[in-house]
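# Chain and residue survey
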There are 4 protein chains.
Amino acid sequence: MAGNTYGNRFRVTTFGESHGVAIGGIIDGCPAGITLDLEAIQQELDRRKPGQSKIVTQRKEADEVKFLSGIFEGKTTGTPIGFMIENTNSKSKDYDHIKDIYRPSHADYVYDEKYGHRDHRGGGRSSARETASRVVAGAIAKQVLKNIKITAYVASVGDIAVEKPYQELDFKHIEENPVRCADPIKAAQMEELIKEVKKDGDSIGGTIICVIQNVPVGLGEPVFDRLDADLAKAMLGINAVKGVEFGRGFEGTKMRGSQHNDPILPDGTTTTNNAGGIVGGISNGMDIYFKVAFKPTATLMKDQQSINTSHEVVTVQGKGRHDACVLPRAVPIVEAMTAVTILDFYIEQFGSKF
Amino acid sequence: MAGNTYGNRFRVTTFGESHGVAIGGIIDGCPAGITLDLEAIQQELDRRKPGQSKIVTQRKEADEVKFLSGIFEGKTTGTPIGFMIENTNSKSKDYDHIKDIYRPSHADYVYDEKYGHRDHRGGGRSSARETASRVVAGAIAKQVLKNIKITAYVASVGDIAVEKPYQELDFKHIEENPVRCADPIKAAQMEELIKEVKKDGDSIGGTIICVIQNVPVGLGEPVFDRLDADLAKAMLGINAVKGVEFGRGFEGTKMRGSQHNDPILPDGTTTTNNAGGIVGGISNGMDIYFKVAFKPTATLMKDQQSINTSHEVVTVQGKGRHDACVLPRAVPIVEAMTAVTILDFYIEQFGSKF
Amino acid sequence: MAGNTYGNRFRVTTFGESHGVAIGGIIDGCPAGITLDLEAIQQELDRRKPGQSKIVTQRKEADEVKFLSGIFEGKTTGTPIGFMIENTNSKSKDYDHIKDIYRPSHADYVYDEKYGHRDHRGGGRSSARETASRVVAGAIAKQVLKNIKITAYVASVGDIAVEKPYQELDFKHIEENPVRCADPIKAAQMEELIKEVKKDGDSIGGTIICVIQNVPVGLGEPVFDRLDADLAKAMLGINAVKGVEFGRGFEGTKMRGSQHNDPILPDGTTTTNNAGGIVGGISNGMDIYFKVAFKPTATLMKDQQSINTSHEVVTVQGKGRHDACVLPRAVPIVEAMTAVTILDFYIEQFGSKF
Amino acid sequence: MAGNTYGNRFRVTTFGESHGVAIGGIIDGCPAGITLDLEAIQQELDRRKPGQSKIVTQRKEADEVKFLSGIFEGKTTGTPIGFMIENTNSKSKDYDHIKDIYRPSHADYVYDEKYGHRDHRGGGRSSARETASRVVAGAIAKQVLKNIKITAYVASVGDIAVEKPYQELDFKHIEENPVRCADPIKAAQMEELIKEVKKDGDSIGGTIICVIQNVPVGLGEPVFDRLDADLAKAMLGINAVKGVEFGRGFEGTKMRGSQHNDPILPDGTTTTNNAGGIVGGISNGMDIYFKVAFKPTATLMKDQQSINTSHEVVTVQGKGRHDACVLPRAVPIVEAMTAVTILDFYIEQFGSKF
């Protein structure tokens, strides 16, 4: 029951339900003496925030983070950073119609079975709203990591996929389109698809690619706490994620070893990077890259059949607001969890003096 | 540096290098009063053991597990179970030619960079030999779990893939062929492919599907310690694994929500199971299934260019013994790590009284 | 740097500095479905609060706890309980005169050496103000534990000590006097002593005895996570605590085994209880009792010599408000940390279904 | 049930029962590249070993440690160090007479109640024999710590107590007498007392003082993982320990703040050291010293009344071998657990590069 903490050395614990008083968290283990750019943290939150464009949910939330401790005269003190984000637009009444209903592919049913008592409003704790707290932690981790650059972008929406490898893309395009796709042409097509799906009251999945650059050799603690193992856990810990692959991933299973092996050059770099920057669970200094699969979100604007808490068949009405495609808003979440994970291993390997 | 423990409530810590005195581990948190079938544990080890068939490495290891504590009069006592497996066939000399060499896509280079001092023999700690200890822990976990059935099988080798979903396969075939594929016709084709690759001195990757049946509702501790997140970590913690997907996984990202959602029936089951038995990070009582991607093993019987510890270009000779395809031997490892993970969450949810 | 979490299964993480925006915490792992008496929680805070009587510090703080999550319709949901207590009377200016000074026997110096950057106001994170968050967690733990009764009282102040064993005292007296001593006659003497010490601008130490009644057999996880070992950690984790002893403790070291051994009766109870209810690190069903040593608080209203951050000799002025004796306010803290520890082990042993 | 691991960054997990095949453990997180003096490790074990002098138990055990992994060419590799000590003199039959008996003040009863199934031979897991594994880990920690000197000695046996503070004692005397007392005159008296008690078939308690010298400023992770809090846990985790006090401890509770405060000198040291080297849970660079209370051991050579597993009254016969006073053999255990704790915090603060 105590699964709300992530990380060991840079440790994030979150609290909060979608429609409670507030969400927030505590970051423990942040190195001391780091000057924080609070505006940059808010900007990361704004990238995740609802209502930011026409293709995402129109729920309006200010999502303003308020820091309560751990920062003094603009710098971290090494003590826990407490923070909160008030839930300003929590229309609980919007959820009265699903109070006693288990929506298909939502966590309603399993929460009730597991805990016996549930805050049903807006998904309660299982709502992706909770990830705002992770974005705060990730934004801080990014600032601590400084030179290690973490970039995520939407790589596919439904059938529309970026075909170029990340090396051939210009990351500056990512924030230029509402989809957060690094390929402007594909971005336009994805946007069209999302609009169409939205009009249908339906939803659509997709993938996000995340790239970590300037990683030092040595991050990862085998045999169990491998860098890729923990990144995988971080990714599968994000709502709607159903898969992850590193380097050549599933495609690489069809290759011969002689094709897949990455020859090492005298400077320790490799000519190819099929491994995706992680060998034996430890970073080898090359770019780390991985792809994350997001299923289509479960909330639809269509009626669906399901059951209620008395296990009777009912119709779930499709009304309210919804994200036809969560991918654009998931980009900062993927980056955040990546940053938190990388910093955790960085402190483990290099200590907490920055 | 302390990443050699897996699990919280059922906790496995392993030790040992490929060519040291012994490998082994400690299992802490095993429920008391469980009658253990020691022969069944040895059988699991035999499934992982080298030399078991013509298509795996011919290194001969007895891989006999010896229990040192925690079992009294045939039953677990609730105290830590210490065990060891002696390294009987550790031809250290076989590795003299790579003593100062960083083999491509092996962990040699990153271990040296990270730790500064390395047991190079047979890959040392980074060798998959260490997974034998996990198989012991998994075999015990399986016995504790009793009715929860965990079955893995090879789903593809290179381009040859089982096309039928697991529901249409008869799992009894798995142990009938050296590949451990549940589809006999595909198994024969895979065997041919592996032999061919082996003759070339090359290696080949593939995928394993794992199915968990009779899972109670309620396993998983969101928001971070989700059942799928920890299974993902467990899988990526296995040597050569580069990806994992749950339920419809990557393919599901192309679906609409109206297709992907699993309608709930009055008894709490769902008509489809695109989620793969896990919703919101918690088991929903349906079968859990996931697919794991293994890259081709890095050891080849071909010469490769690389560098030595002085960062000079050298040729790595392809000699000794190797696994052209690790998939058949990885099946029991996937099952073992799955069993350990499931039991860990089971104790968390239902307590340790069995 | 990440030492701000206590407990494993019932897990408390706190944040906050004495004079920051707020203090608070997150309780993870609280069983679901528990009806919480929020007023009773506030009452526990009031027992710890400054300004409650003439013999404690006159700083005025409302210490009102505000719950942010994890409680729905009056009941716990099993999700993390976030809470905060605003710092309303944080006269930062009061501390300007010690901004660059390392006060004797305060944590000023070690914090600066360890973290390099420090919120000096009111002791910052090292202030006992942080313990208010622990009292909230403890008050919740008490309610979950229900029948297990945890009672602490002041057993000595300076040389004035309660001589009767706890069995001969009536605990109802504890809240009847400002010292929180279970012996009314001694309480009056202690009160006099504290007033005298206060008039001198000095401080005085003392001891607290804590008694846990109705404890089931079986709490404790040897060999390291013994019940007494974790209670000891919990006690030494409280500001100003310098020692702890269980059962006959230090006095018992002078006894013979034939005197100290507790004979077991047919019902499993023991005729004597020199062990203090814990044998081999596990509760044996008898009352658990232990004594905690508090040093005199370091803040004095007298001038003292010390050094500043430039390592020059300076005089620390004795001005402001202070607790001449922290014992009365420490009673609820001792109870709180005891309750949290007991509940943690209780869930470990008996599961989280209440 | 998983309480057999101690430490976070330097992490020790032990296994083994008194009369099983072997005891041993795994040390995870040991820094790489440390040249280990294996003989010095064995010497520490010899200090704990039974039969070493006339005043301790005459059970004969070689207590030879065998390392199984983690050391290569004489140096640590950073991978887990597995080790075992075979149980050579495990006369199980010696314990047949107590097979169904709960001995007074032993863990027999609580183990049976907690686990339901118990290895009764020689106390099984609850036997102090397990601490040999801790001594191995401590001996390694000592070697890693190098300049930080950890010294423990017997400070009292029954009523006979060393009166001089540790600063006035010459530690070279400790190993010159079988009691391990730093004061030769008191040592002789203690030896006499132990012999007398032994002749009576009885046992006697005592105290051990431990001193840590050359400690850097900054060890400790408040607010919960304070250096003293974890040392307290480590001490209470040792068999027969019932109390611990740091610096002036219980005596200090009678002092005024003006007496107890330690004035800081320009170099950061303090004129007095009433705090015992730890302020606010963090080492301040002064000597750390603490006192540990050991109750008289429960095993007597006298008949005692108790109950059997059917809860009938029985007589426990006083026969076999026993330690009339465990203090001399407990000295290396106290040092070991101290060394492990200090190293754990050292790595946390300064990283794992040595």
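Everything numeric in this text was worked out from a predicted model, so none of it was measured. Residue numbering note: each chain is counted from 1, following its sequence as written. Here chains are named by letter from A upward and ligands by number from 1 upward, in the order in which they appear as written. Where local features are concerned, this predicted model is filtered to residues with pLDDT of at least 70; where side-chain atom pairs are given and counted, the filter is 80 or more; whole-chain, interface and lining totals use all residues. Remark: hydrogens and water are excluded; side-chain values derive from all non-hydrogen atoms of the structure.

## Notes on the overall build of chain A
In this text, helices come from DSSP runs of H or I with a minimum length of four residues, and strands from runs of E with a minimum of two, each type numbered from the N-terminal end. Regarding its fold elements, chain A presents 8 helices and 17 strands. For a compact globule of 354 residues, the expected C-alpha radius of gyration is about 20 Å, and chain A comes in at 21 Å, within 12% of that figure. For chain A, the C-alpha atoms occupy an extent of roughly 65 × 50 × 40 Å along the three principal directions. Think of it in three bands: with a 1.4 Å probe and only protein chains considered, a residue is buried below 20% of the maximum accessible area for its type, exposed above 50%, and partly exposed in between. Within the span of chain A, comprising 354 residues, buried residues form 70% of the whole. Roughly 11100 Å² of accessible area belongs to chain A as shown, and the carbon and sulfur atoms make up 46% of that amount. For a compact globule the rule gives 2.2 Å times the number of residues to the power 0.38, and the radius of gyration it is set against comes from C-alpha atoms. Note on areas: these come from Shrake-Rupley sampling with a 1.4 Å probe, and a residue is covered only by the protein chains present in the view.

## Considering the UniProt feature "binding site: NADP(+)" (unreviewed entry) in chain A
All names here are of chain A. UniProt positions are given in the numbering used here, feature names are shortened, and annotations may be inferred rather than shown by experiment. Annotation from UniProt places "binding site: NADP(+)" (unreviewed entry) at Arg48 and Lys54. Mapped onto the elements of the fold, Arg48 is located in helix α1 (residues 38–48). Classification of Arg48 as buried rests on a relative accessible area of 2%. Working rule for contacts: check all heavy atoms of both residues, and any pair within 4.5 Å makes them a contact. Not counting the four nearest positions on each side in its chain, Arg48 is found in contact with Asp63, Ala128, Arg129, Thr131, Ala132, Val135, Arg329, Pro332 and Ile333. Summarising the element assignment, Lys54 is placed in the loop between α1 and β4 (65–67). By relative accessible area, which is 73% here, Lys54 ends up exposed.

## Observations concerning the pairing of strand β12 (residues 241–246) of chain A
Burial analysis of β12 of chain A places 6 of its 6 residues in the buried class, which makes it a mostly covered element. One requirement defines pairing of two strands: DSSP has to find at least two bridges between them. Summarising the sheet, β12 of chain A and strand β15 (residues 288–294) of chain A pair through 5 bridges and their orientation is antiparallel. Bridge pairing in β15 of chain A places Phe246 of chain A opposite Phe290 of chain A. Looking at chain direction, β12 of chain A and strand β12 (residues 241–246) of chain B are connected through 3 bridges and run antiparallel. Each bridged residue has a counterpart across the sheet, and for Glu245 of chain A the counterpart in β12 of chain B is Gly243 of chain B.

## Thoughts on the relation of the copies chain C and chain D
We superpose the copies by least squares over the C-alpha atoms of residues that have a pLDDT of at least 70 in both of them. Between the two copies, chain C and chain D, the superposition gives an RMSD of 0.0 Å; the rotation angle is 180° and the shift along the axis is 0.0 Å. Both copies of the chain, as the preceding transformation shows, are related through a two-fold rotation axis. Judged by C-alpha distance, Lys233 of chain C is the residue of chain C that lies nearest the rotation axis, at 2.5 Å. Same-surface contact between copies: 100% of interface residues of chain C are shared with the interface of chain D.

## Some words on the UniProt feature "binding site: FMN" (unreviewed entry) in chain A
Taking the numbering used here, the UniProt-annotated feature "binding site: FMN" (unreviewed entry) corresponds to Arg125, Ser126, Ser127, Asn239, Ala240, Gly280, Lys295, Pro296, Thr297, Ala298, Thr299 and Arg321 of chain A. Their sequence span is 197 residues, while the largest C-alpha to C-alpha distance among them is 44.6 Å; these annotated residues do not converge on one region. Structurally, Arg125 of chain A is set in the loop between α2 (108–115) and α3 (131–145). Not counting residues up to four positions away in its chain, the partners in contact with Arg125 of chain A are Asn4, Thr14, Phe15, Gly16, Glu17, Tyr111 and Glu130 of chain A, Val223 of chain B together with Thr79 and Pro80 of chain C. For Asn239 of chain A, a relative accessible area of 15% translates into the label buried. Setting aside its immediate chain neighbours within four residues, Asn239 of chain A contacts Ser126, Ser127, Ala128, Thr131, Arg134 and Phe294 of chain A together with Arg226 of chain B. Within 3.5 Å is the distance limit for a polar contact, defined as a pair of N or O atoms, with the added protein rule that one can donate a hydrogen and the other accept it, and that residues adjacent in sequence qualify only through two side-chain atoms. Polar side-chain contacts of Asn239 of chain A include one of 3.0 Å to the backbone oxygen of Ser126 of chain A.

## A word on the sheet that holds strand β17 (residues 313–316) of chain B
Residues and elements named next belong to chain B. Read across the sheet, 3 strands follow the order β8-β16-β17 without closing on themselves; strand pairing throughout is antiparallel. Whereas interior strands pair on both sides, the edge strands pair on one side only; in this sheet they are β8 (101–102) and β17. Note: strand β16 (residues 304–308) against β17, 4 bridges, orientation antiparallel. When the bridges of β17 are listed, Gln304 appears paired with Val316.

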